[in-house]
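A look at the structure
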Amino acid sequence: MLQIAIQAKGRLNEDTMALLADAGISVAGGKRKLVAETTGFPMRVLYLRDDDIPQAVETGVADIGIVGMNEVAEKNCDIAEVMRLGFGSCRLSLAVPRNAGYTGSGWFEGKRIATSYPNILREYFKKQGIAADIHEIAGSVEIAPAVGMADAIFDIVSSGGTLIQNGLEEVVQVLRSEAVLVRNRHLNAEKLADIEKLQFRFRSIVDSRDMKYVLMNLPAENVETAAALLPGMRSPTVLPLAAEGWCSLHVVIHENELWEKIERLKALGAEGILVLALENMIR
Ligand code: PRT
Ligand code: ZN
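This write-up is about the structure you can find in this document. This structure is a prediction, so every number in the text was calculated from the model and none was measured.

Observations regarding the overall build of the protein
Along the protein, the regular secondary structure elements total 8 helices and 16 strands. By principal-axis analysis of the C-alpha atoms, the protein measures approximately 75 × 50 × 30 Å. Split into buried and exposed, the 283 residues of the protein put 44% on the buried side. Taking all contacts inside the protein whose residues are at least 6 apart in sequence as the whole, residues at least 24 apart take part in 69%. By element, 48% of the accessible surface of the protein is carried by carbon and sulfur atoms, the whole surface being about 15100 Å².

Structural notes on helix 8 (residues 258-267)
For helix 8, the complete set of buried residues consists of Leu 258, Lys 261, Ile 262 and Leu 265. Along helix 8, the residues classed as buried sweep out an arc of 100° about the axis, all on the same side. Turned more than 90 degrees from where helix 8 packs its buried face, Trp 259, Glu 263 and Ala 267 sit exposed. Elements in contact with the buried residues of helix 8: strand 13 (211-219), helix 7 (223-228), strand 15 (246-254) and strand 16 (271-277). Positioned one or two residues after helix 8, Gly 269 has a phi angle of 100°, which is positive.

Remarks on the site of ligand 1
Neighbouring residues of ligand 1: 22 residues in total, closest Arg 11, Asp 51, Asn 70, Ser 159 and Thr 162. Residue Ile 156 places a main-chain N or O atom 3.1 Å away from an oxygen atom belonging to ligand 1. Out of a free accessible area of 840 Å², ligand 1 has 78% covered by protein chains. When contributions to the shell around ligand 1 are tallied by element, the ones reaching two or more residues are strand 10 (152-157) and helix 5 (161-165). Partitioning the shell around ligand 1 into residue classes produces 5 nonpolar, 11 polar and 6 charged.

Things to note about the coordination of the zinc ion (ligand 2)
Protein-derived coordination of the zinc ion (ligand 2) comes from Asp 50 (OD) and Asp 51 (OD), at a distance range of 1.9 to 2.0 Å. Classification of the site at the zinc ion (ligand 2) rests on its 4 donor atoms, whose angles at the metal span 76 to 170°, yielding the label irregular.

Details of the sheet that holds strand 2 (residues 26-27)
A sheet is described by the order of its strands in space; here 7 strands give the open sequence 2-3-4-1-5-12-6, paired in mixed fashion. Pairing within the sheet leaves two strands with one partner each, and these edge strands are strand 2 and strand 6 (80-84). Looking at chain direction, strand 6 and strand 12 (residues 179-183) are connected through 4 bridges and run antiparallel. Bridge pairing links Met 83 to Leu 181 in strand 12.

Some details on the state of the cysteines
One pass over the full model with this rule turns up 0 disulfides. Free of any disulfide, Cys 77 has its nearest cysteine sulfur in Cys 90, 18 Å distant. Residue class for Cys 77 comes out buried when judged on its relative accessible area of 15%.

Analysis parameters
Residues numbered from 1 in each chain as written. Chains lettered and ligands numbered in written order. Predicted model: local features only at pLDDT ≥ 70, side-chain atom pairs only at ≥ 80, totals over all residues. Heavy atoms only, no water. Helix = DSSP H or I, 4+ residues; strand = E, 2+ residues; numbered from the N terminus. Buried < 20%, exposed > 50% of the residue type's maximum accessible area, 1.4 Å probe, protein only. Contact = heavy atoms within 4.5 Å. Areas by Shrake-Rupley, 256 points an atom, 1.4 Å probe, with all protein chains shown as cover. Arc of directions from axis to C-beta. Near = heavy atom within 4 Å. Polar contact = N/O pair within 3.5 Å; in protein donor to acceptor, adjacent residues only side chain to side chain. Nonpolar A, V, L, I, M, F, W, Y, C, P; charged D, E, K, R; others polar. Donors = N, O, S within 2.8 Å, 3.2 Å for Na, K, Ca; no water. Tetrahedral: all angles 85-135°; square planar, octahedral: opposite > 155°, others 65-115°. Pairing = 2+ DSSP bridges. Disulfide = S-S within 2.5 Å.

Quick look at the structure:
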């Protein structure tokens with residue numbers, strides 16, 4: 001049976017549990033237990049700290065795991081990325097005090113940088129040919145410059161609010177990250193087949209997340225022009241209406257282009273437009 005390692009508590013826990021639930025997997029019991037059984041898929045859940053997930057997967061304590069790409073990169077474990085999951089987005093960035101007179105990456109030469117991600121930073125500075133002094137600290141990295149522990153920091157940024165609150169300015173984005181499904185590299189065929197099934201469920205959930213199901217009435221003569229506006233779909237669904245010369249068009253549109261597409265469809269005579277949330281898109 002597959003064993004999946006997920007974050008016990010923290011920023012990835014809620015979205016991970018929601019992804020499992022959407023995939024029809026319910027996890028038994030409270031979070032106090034280290035291991036939990038599931039129904040809806042032959043799988044056992046192992047609750048860990050996110051820092052421990054890459055190694056747990058590498059050593060086979062867990063077969064698969066859900067963790068931030070930043071942790072995978074930092075721990076440098078020999079594990080395989082199965083798929084990106086579209087939540088927990090953030091970046092690992094260098095930030096300096098706003099009044100530091102930052103001039104470019106050469107500024108970091110000889111400076112002290114506080115971080116919880118020393119390996120990624122060391123690698124970055126090596127590539128850039130910069131010799132800086134990396135101070136590994138476990139938490140509250142953003143206050144290090146203010147208390148004189150460092151000249152700059154290398155930390156996770158999402159909205160950027162924490163940096164602003166601490167008088168810091170993001171100057172270099174080194175790594176973009178999101179939650180990923182990872183797996184052990186040495187699994188038997190049965191486990192690999194189970195992972196493929198799981199991936200299929202996750203894929204349809206992730207793909208449908210930003211999509212809308214749109215229905216409208218449209219003059220039949222404009223159906224072909226409308227279909228041309230909607231690339232990416234094999235073909236939209238067109239149903240005749242009782243009213244002569246009209247049809248009903250059903251399409252799936254990405255949230256990012258929803259309003260732009262709707263305006264253009266309206267210009268083609270679309271009426272009675274309904275926009276519905278899409279729960280799942282199984283390809
Ligand atoms: O207890 P455990 O070790 O499991 O958890 P943790 O405390 O080490 O990690 P946790 O729960 O804070 O984060 C888990 C993962 O969430 C990270 O490894 C990232 O992959 C991802 N993630 C996404 C983030 C953020 N966004 C984020 N904003 N992790 C941390 N932050 C921090 C950031 O460092 C800053 O201090 O949140 C603060 C607010 O960020 P702003 O920019 O929005 O102000
Ligand atoms: Zn952690």
